[in-house]
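In case you want the letters, here they are:
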Amino acid sequence: MEPSRDKENYRLQQEAFVSNHGGTTSQEVVNVILPNVCGLFLTITTLGLYGKYLHRNVKIVIEFVLTVIPCILCCTILSEYVSNVCIVMIILSIINIMLMRINIDALTSCIIIPVKGKRPFITNFRALSNIITIMCILAVDFQIFPRKFAKTEVFGYSLMDTGVGIFIIANAIVSPEARDLYIQPKIGFFETLLRNMKSSLKSSIPLLLLGLARFLAIEFLGYQRHITEYGVHWNFFITLAFVKIFTRTITSTISLRFSLLIGIWVLAMHEYILTNNGLKEWILSNESRVDFITANREGLMSLPGYVGLYLVGVAVGRLIHHTYLNLNSGITVHCRTNIQANICGYDLDTTYNESMTLCIKLSLIAAQSCAATLFCDKYFKISRRLANAGYCAWILTLCTMMLTLLLLIEIVTDILIYATSDYKIIKNKNDKVIEKVGEVKHKRQKASFRTRRENKQDMKQESLLDSPIDSPIERTLEIFEAVNYNGLTFFLLSNMLTGAINLLISTLYAEKTTALQIIIAYMAINIFVILVLYRRQVQVKL
């Protein structure tokens, strides 16, 4: 029987339940995210093996069961068995690959050309980040969610601390600045500055209104509030709005080539000011909140950190998009290093492509960011509340690690697509002829693998390799496409549902089974709504 309580006492209990936590280790945060990556690969291989026999809606159920459900379980009842879950998923994925109809000739002879246009691994990264975040914002209110994953009060690592940082990076890598779509006006410095301040402020109004609406709703409903997260009036939406305003203003007055250097400089200055002027102690103190600045000191003083993180994210995005620049513009792929080997009697003749090169670059960035995180952790500590240099380095480490793993999955998926396509390879001394088996029996398309200097007509033939039409394997999932199609709407809907559930149910007293069922139903409703909007091509502009 539920304990007797009044509304105010219960609100205080809820606030205490999500406050004053010390987090966990960085390794454990990484471990709890890995099942989401493994679940994606398992889903891709499962649908690649059985998808052509299944209805579209059945595929959605499989996607939900293999990606969203493991995310929920590994953050709740299976949080101590995450490694085992990952191992099982990897083994099942390998079994799926072994059961596929692999064309060995295609696997050993073709040069894999990355898909043109939108990058699947970025789609997967943004969707996974969003799904993990919205799951946590409800699950944290239940006893079933380990307190080590809740937001830290002062210093440390935790799963929920990564949400806002990953969201900043996810927005930065697809921003107009990162894709060179942001055109700087050819006018004077002050005119440019004023013009872009106005335009960025105008585009940030919806976020500011959402932030105001959230504050008013909390005040009116008496909803629990973790004051030391952002402050009394401040919240996530307001932080996003001001980061957008500041970064758009900065990038309008400097060359985008220097976004990395400017980002590092902002983070370094932010850390210096925090450390040497007593600002850190003031932000983390229990000093009374008597005016707007003191009431919202966490939100205000963390802004430089998020601005610096966004600028670094723009640099990572520019690296990604520039890697595929020639491919997306239709220019023939440049000559790359050949790899020749004999494996189990089969001659392997392949080359590095853009994705493989980028995978190495991202892994090196992850390693450098990890070293910076360890350095900052030793001397300055990691604090989400301050958004200090250590926190931003940790977020960059986590994001580049996820991007590397997701890109590796995309590379393997590309290989499987070509290896399971209905093509056969016929070799001769000078070229490779690719013949489709089945519908087109008498047409042969030559796809030369020489450099553009040798044959400028090869690009027309390579399009045949770009999208084999007979492979059942997809590079990304429909749920992920739907989440990305209305990302902010997805996040806003989840916030509204979280509030409704907390007002209707005493989450602190829910049994484990009940809590798990509620979280699964909540995720299913969010996914269903966003999927309906996606299938009807309704994009809500906020």
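Whatever comes next refers back to the structure up there.
Residues numbered from 1 in each chain as written. Predicted model: local features only at pLDDT ≥ 70, side-chain atom pairs only at ≥ 80, totals over all residues. Heavy atoms only, no water.

**Focus on the layout of surface pockets**
Here is step 1: By volume, the largest pocket is sized at about 1500 Å³.
Here is step 2: Looking at the lining of the largest pocket, the elements that each hand over two or more residues are α6 (120-139), α7 (162-172), α8 (189-221), α10 (236-251), α15 (303-323), α16 (325-328), α20 (478-485) and α21 (487-504).
Here is step 3: Along the lines of polarity and charge, the residues of the lining of the largest pocket split into 19 nonpolar, 16 polar and ten charged.
Here is step 4: Of the voids in this model, the second largest pocket is the one considered here, and its volume is about 1100 Å³.
Here is step 5: I137, R214, Y223, E229 and N495 are, among the 49 residues lining the second largest pocket, the residues nearest its centre.
Here is step 6: At the level of secondary structure, the elements contributing two or more residues to the lining of the second largest pocket comprise α6, α7, α8, α9 (227-230), α10 and α21. (1 Å grid on protein atoms, 1.4 Å probe; cavity = no way out; pocket = protein on both sides within 12 Å on 5 of 7 lines; lining within 4 Å. Points joined across faces, edges and corners; volume = space filled by probe spheres on them. Helix = DSSP H or I, 4+ residues; strand = E, 2+ residues; numbered from the N terminus. Nonpolar A, V, L, I, M, F, W, Y, C, P; charged D, E, K, R; others polar.)

**Looking at the side chain of T413**
Here is step 1: Take T413: it is sitting in helix α18 (residues 389-419).
Here is step 2: Looking at T413, the relative accessible area reads 1%, which means it is buried.
Here is step 3: Reaching out from T413, the side chain makes a polar contact with the backbone oxygen of I409 at a distance of 2.7 Å.
Here is step 4: Sequence-distant contacts of T413, that is, excluding residues within four places in its chain, are made with I44, I473, E474 and R475. (Buried < 20%, exposed > 50% of the residue type's maximum accessible area, 1.4 Å probe, protein only. Polar contact = N/O pair within 3.5 Å; in protein donor to acceptor, adjacent residues only side chain to side chain. Contact = heavy atoms within 4.5 Å.)

**Quick notes on the pattern of salt bridges**
Here is step 1: One pass over the structure, following the stated rule, counts 13 salt bridges.
Here is step 2: Taking the shortest distance from any N to any O, the salt bridge between R248 and E177 comes out at 3.0 Å. With R248 in helix α10 and E177 in the loop between α7 and α8, this residue pair connects regions lying 71 residues apart in the sequence.
Here is step 3: Look at R248 and you get buried, because its relative accessible area is 17%.
Here is step 4: Overall, the relative accessible area of 1% leaves E177 in the buried class.
Here is step 5: D414 is the salt-bridge partner of R475, the closest N and O atoms lying 2.5 Å from each other. Linking R475 in the loop between α19 (458-466) and α20 with D414 in helix α18, this pair joins segments that are 61 residues apart in sequence.
Here is step 6: For R475, a relative accessible area of 15% gives the class buried.
Here is step 7: Taking relative accessible area as the criterion, D414 reaches 1% and is therefore assigned buried.
Here is step 8: One salt-bridge network, in which partners are shared between bridges, spans E28, E80 and K148. (Salt bridge = Lys/Arg side-chain N within 4 Å of Asp/Glu carboxyl O.)

**Observations concerning the nonpolar core**
Nonpolar side chains tend to gather and get buried jointly when the protein is soluble and globular.
Here is step 1: By size, the foremost hydrophobic cluster in this structure holds 130 residues, and its most contacted members are F121, F125, M135, L159 and M523.
Here is step 2: Broken down by element, this core gets its largest block of residues, 15 residues, from α18.
Here is step 3: Setting aside anything within four residues of it in sequence, one finds L159 in contact with V29, V32, I33, C75, I132, C136 and F149.
Here is step 4: In this structure, L274, W282, I283 and L284 belong to the second largest nonpolar core, which totals five residues. (Core = buried A, V, L, I, M, F, W, Y, C linked by side-chain atoms within 4.5 Å.)

**Things to note about α20**
Here is step 1: Most of α20 sits out of view: seven of its eight residues are buried.
Here is step 2: E478, I479, F480, E481, A482, V483 and Y485 are the residues of α20 that are buried.
Here is step 3: Its buried side turned inward, α20 meets α2 (26-50), α3 (56-74), α6, α21 and α22 (512-535).

**Some thoughts on the packing of aromatic side chains**
Here is step 1: Going through the model one piece at a time under the given rule, you end up with 14 aromatic pairs.
Here is step 2: Measuring from centroid to centroid gives 5.8 Å for Y10 and Y509, while their planes differ by 45 degrees, and the two rings are tilted. One end of the pair, Y10, is in helix α1 (residues 7-17); the other, Y509, is in the loop between α21 and α22, and 499 residues separate them in sequence.
Here is step 3: Classification of Y10 by relative accessible area gives buried; the value is 5%.
Here is step 4: An angle of 70 degrees between the planes, with centres 5.8 Å apart, marks the rings of F237 and F491 as edge-to-face. Pair noted here: F237 is in helix α10 and F491 is in helix α21, with a separation of 254 residues, a long-range link. For the pair shown, F237 and F491 are each scored as buried.
Here is step 5: Feature note: the residues F167, F236, F237 and F491 constitute an aromatic cluster, connected by ring pairs.
Here is step 6: Between R119 and the ring centre of Y324, over which it is positioned, the NZ or CZ distance is 3.7 Å.
Here is step 7: The positively charged end of R147 is found above the aromatic ring belonging to F17, 3.8 Å away from the centroid. (Phe/Tyr/Trp six-rings, centres within 6.5 Å; stacked < 30°, edge-to-face > 60°. Lys NZ or Arg CZ within 6 Å of the ring centre and 35° of its normal.)

**Observations regarding the packing of α2 against helix α4 (residues 82-99)**
Here is step 1: Where α2 contacts α4, the axes come no closer than 9 Å and their chain directions differ by 20 degrees. In this view, α2 runs roughly parallel relative to α4, as classed from their interaxial angle. Crossing of α2 over α4 shows left-handed handedness. From α2, N31, V32, L34, P35, C38, G39, F41, L42, T45, T46, L49 and Y50 reach across to α4, where they touch V82, V85, C86, M89, I90, L92, S93, N96, I97 and L99.
Here is step 2: Here the residues of the contact of α2 with α4 sort into 16 nonpolar, six polar and no charged. (Axes fitted to C-alpha atoms, helices over the stretch in contact; angles between N-to-C directions. Parallel < 35°, antiparallel > 145°, perpendicular 65-115°, else oblique. Left-handed = near helix turned anticlockwise from the far one by under 90°.)

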